[in-house]
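Now for the letters of each chain:
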Amino acid sequence: AGIVGLIIVCLFLVAYYRFLGLVAVLGLSLYGVFLFALIKLIPITMTLPGIAGLILTIGVAADSNIVIFERIKEEVRAGRSLGSAVAAGYRKGIATIIDANVITLITAFILFALATANVKGFAFTLGVGTIASLFTAVVFTQAFLGLFGRARFIRSPAALGASPEQRVRWHFDFSRLSKYFFSLSGCILLVGALGFATKQLNLGIDFEGGSRITVGLQQQANVDDVRTTVESAGIDTPEITEASNAQLGTNVFQIDSKASPEEVQSVQPALQSEYGIVENGFNATTVGATFGEQVARSAVYAIVFSLLVICGYVAFRFEPKYAVPVIIAVIHDILIAGGVYSLTGREVTSGTVAAFLTILGYSLYDTVIVFDRIRENVPRLPRATFSQIVNRSMSEVLTRSLITGLSSVFLVSVLYVFGGTTLQDFAFAMMIGLLSGTYSSIFIASPVLTHWKE
């Protein structure tokens, strides 16, 4: 997943940014070397959620380059030479990148401090990866562009993807059409609320406690056959589903129940005598109800504490009024993700909690970058109304938001395809969060800020 995702993102960056994309690819390669060195030096024990965190930091590293490159392209189109465009692009982009990355680091730190073991691995690798990506995006790419900035082959704006015909212009009144965006979000949230009311969330054993058995059988059987055998072994009301696991063959079942570890021990001999079990084909996991409560409590604490700390940071870096739309956008994204989970009936695990908290970080990351451009344009447009400033700012950053969202979707899609059963729920939650996070930062947070300010 990591290799395929990295290749897709690199090809996309080169196709869109030309020479700047090639610089970004070299920066990502150096980032990979740094990250591998840190993993060996610290050392970091790699878990599946940890690997997912590393793959997501590829998106963070790519986005830092995208923010600066869009700035450089703006300066080139304004008629500056490449050298002065690079200097101005980095000078204007660095504050935005630091603000956005600090948000990600806050989320990772709180996750690490408050969450359970699986999520800790994810949070730690996300934090380390973010620091490494910040270094390579700001230091290495600037040095490289400074070194080759006078070369003839990049004097043409077309070589940087900055020629007039390559420019995407947006003419869209975000503020005037905000009532339609609010109505659309209201409808989506209403459907999600109905899902919560009727189906609720399908909480996994991480939260409710119980046992999960994954077993590969030698003889062909169906769900009813396995249920009869498991119930005869003393397990009450087991939930049995067919599962896919290439290592265990084509006849694999997942058995969830409230059974104790002692009761689970009777299942293996019953299935063995009835159908036969493939070699190393029986795996049982048991979680106590107390541990499940602890997971749920730590997740709630992590979400609430993250929101409070990030609101304080946004109020400090911008102004207090900017913190209100940030909270509304984040709650909007978490409710949408929860509603989708409720309607689809997908299981909520500790990995899903990590995904929800990453959604929080991504949504904030995007919103902060949009707000940073609004803050920059306020003194530059003294006679404009606040809605006009927001529309201008949104038109300037919309391309960056879409490109960042697209590169992150590439990574999460690859994670969903190659990540196996363990990470598919995580990738599914991330996909929903990326889509809703990109949407809310553009069509919810900024219009809310406009109404709040005006």
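(A) Quick look at the packing of aromatic side chains. This structure, assessed with the given rule, holds 6 aromatic pairs. Residues Phe-181 and Phe-443 carry aromatic rings whose centres are separated by 4.5 Å and whose planes lie at 50° to one another, so their mutual orientation is tilted. You can see Phe-181 sitting in helix 6 (residues 178-198) and its partner Phe-443 sitting in helix 15 (residues 420-443), a full 262 residues away along the chain. Each member of the pair, Phe-181 together with Phe-443, is buried.

(B) Broad picture of the sheet that holds strand 4 (residues 249-257). Spatially, the 4 strands line up as an open sheet ordered 3-4-2-5, and their pairing is antiparallel. For this open sheet the edge positions go to strand 3 (239-245) and strand 5 (277-287), each flanked by a neighbour on one side alone. Strand-to-strand twist in this sheet, taken as the mean axis angle between neighbours without regard to direction, amounts to 20°. Pairing of strand 2 (residues 210-217) with strand 4, which is carried by 6 bridges, proceeds in the antiparallel orientation. Counterpart to Arg-212 in the pairing with strand 4 is Asp-256. Along the sheet, helix 8 (residues 223-232) makes contact with strand 2, strand 3 and strand 4, crossing strand 3 at roughly 120°. Together, strand 2, strand 4 and strand 5 form the strand contacts of helix 10 (residues 267-274), whose direction differs from that of strand 5 by roughly 155°.

(C) Highlighting the pairing of strand 2. The buried fraction of strand 2 is high, at 8 of 8 residues. Neither face of strand 2 is left uncovered, since the one carrying Gly-210, Arg-212, Thr-214 and Gly-216 and the one carrying Ser-211, Ile-213, Val-215 and Leu-217 both have all their residues buried. Relative to strand 5, strand 2 runs antiparallel, the two sharing 7 bridges. Its bridge partner being in strand 5, Leu-217 is matched across the sheet by Ile-277.

(D) Local environment of unusual backbone geometry. Here Asn-280, not a glycine, exhibits a phi torsion of approximately 55°, which is positive. By secondary structure assignment, the location of Asn-280 is in strand 5. The class for Asn-280 is exposed, based on a relative accessible area of 72%.

(E) Spotlight on the packing of helix 12 (residues 320-344) against helix 16 (residues 445-453). Put simply, helix 12 and helix 16 touch, their axes get as near as 9 Å, and they point 140° apart. Note that helix 12 runs across helix 16; the crossing there is right-handed. Note on element contacts: helix 16 touches helix 12 through Ala-445, Val-448, Leu-449, Trp-452 and Lys-453, opposite Lys-321, Tyr-322, Val-324, Pro-325, Ile-328 and Ala-329. For the contact of helix 12 with helix 16, the class distribution of residues is 9 nonpolar, no polar and 2 charged.

What counts, and where the lines are drawn
- Residues numbered from 1 in each chain as written.
- Predicted model: local features only at pLDDT ≥ 70, side-chain atom pairs only at ≥ 80, totals over all residues.
- Heavy atoms only, no water.
- Phe/Tyr/Trp six-rings, centres within 6.5 Å; stacked < 30°, edge-to-face > 60°.
- Helix = DSSP H or I, 4+ residues; strand = E, 2+ residues; numbered from the N terminus.
- Buried < 20%, exposed > 50% of the residue type's maximum accessible area, 1.4 Å probe, protein only.
- Pairing = 2+ DSSP bridges.
- Axes fitted to C-alpha atoms, helices over the stretch in contact; angles between N-to-C directions.
- Contact = heavy atoms within 4.5 Å.
- Left-handed = near helix turned anticlockwise from the far one by under 90°.
- Nonpolar A, V, L, I, M, F, W, Y, C, P; charged D, E, K, R; others polar.

Just geometry here; none of it tells us what the structure is for.
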